[in-house]
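The lines below spell out each chain.
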Amino acid sequence: MAPNLWATAERLRVVQAAHRRFVTLWAIKEASRLFERQWRRRLSERLDPEVDDPRRFDWKALYRGSVLDD
């Protein structure tokens, strides 16, 4: 019975290692899909490329009605 138990334990270690590798690869693949989806959405939502450049953005709109106007 001991050799059979030993072989089962060894097989279980192999299966656990394979499972760990599979889950790791799956997580990396899902993360890359999520990143790509978010990146595409960000690119498609970009309406005005000047908004991304703080030197060319009209900041006056942020200060309307503030203490700085007084």
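Refer to the structure above for everything that follows.
Residues numbered from 1 in each chain as written. Predicted model: local features only at pLDDT ≥ 70, side-chain atom pairs only at ≥ 80, totals over all residues. Heavy atoms only, no water.

Our focus in this paragraph is the overall build of the protein chain. Of regular secondary structure, the protein chain possesses 1 helix and 0 strands. Taking all 70 residues of the protein chain together, 1% fall into the buried category. For the protein chain, the exposed surface amounts to about 7,100 Å²; the carbon and sulfur share of it is 61%. (Helix = DSSP H or I, 4+ residues; strand = E, 2+ residues; numbered from the N terminus. Buried < 20%, exposed > 50% of the residue type's maximum accessible area, 1.4 Å probe, protein only. Areas by Shrake-Rupley, 256 points an atom, 1.4 Å probe, with all protein chains shown as cover.)

Turning to a nonpolar patch on the surface, a few remarks are in order. A contiguous nonpolar surface patch, about 340 Å² in accessible area, is contributed by Phe22, Val23 and Trp26. As for its placement among the helices and strands, valine 23 is situated in helix α1 (residues 2-45). Its relative accessible area of 35% is what places valine 23 among the partly exposed residues. (Patch = residues over 30% accessible without salt bridge, like charges linked within 9 Å, V, L, I, M, F, W, Y side chains within 5 Å. Salt bridge = Lys/Arg side-chain N within 4 Å of Asp/Glu carboxyl O.)

Let us now look at the pattern of salt bridges. In this structure the tally under the stated criterion is 3 salt bridges. With a closest N to O distance of 2.6 Å, glutamate 36 and arginine 40 form a salt bridge. Here arginine 40 and glutamate 36 lie together in helix α1, a separation of 4 residues that amounts to about one turn. A relative accessible area of 55% places arginine 40 in the exposed class.

Moving on, we get to the environment of serine 32. Examined against the element boundaries, serine 32 turns out to sit in helix α1. For serine 32, a relative accessible area of 39% corresponds to the partly exposed category. There is a polar contact of 2.8 Å between the side chain of serine 32 and the backbone oxygen of lysine 29. (Polar contact = N/O pair within 3.5 Å; in protein donor to acceptor, adjacent residues only side chain to side chain.)

These figures come from the coordinates and say nothing about function on their own.
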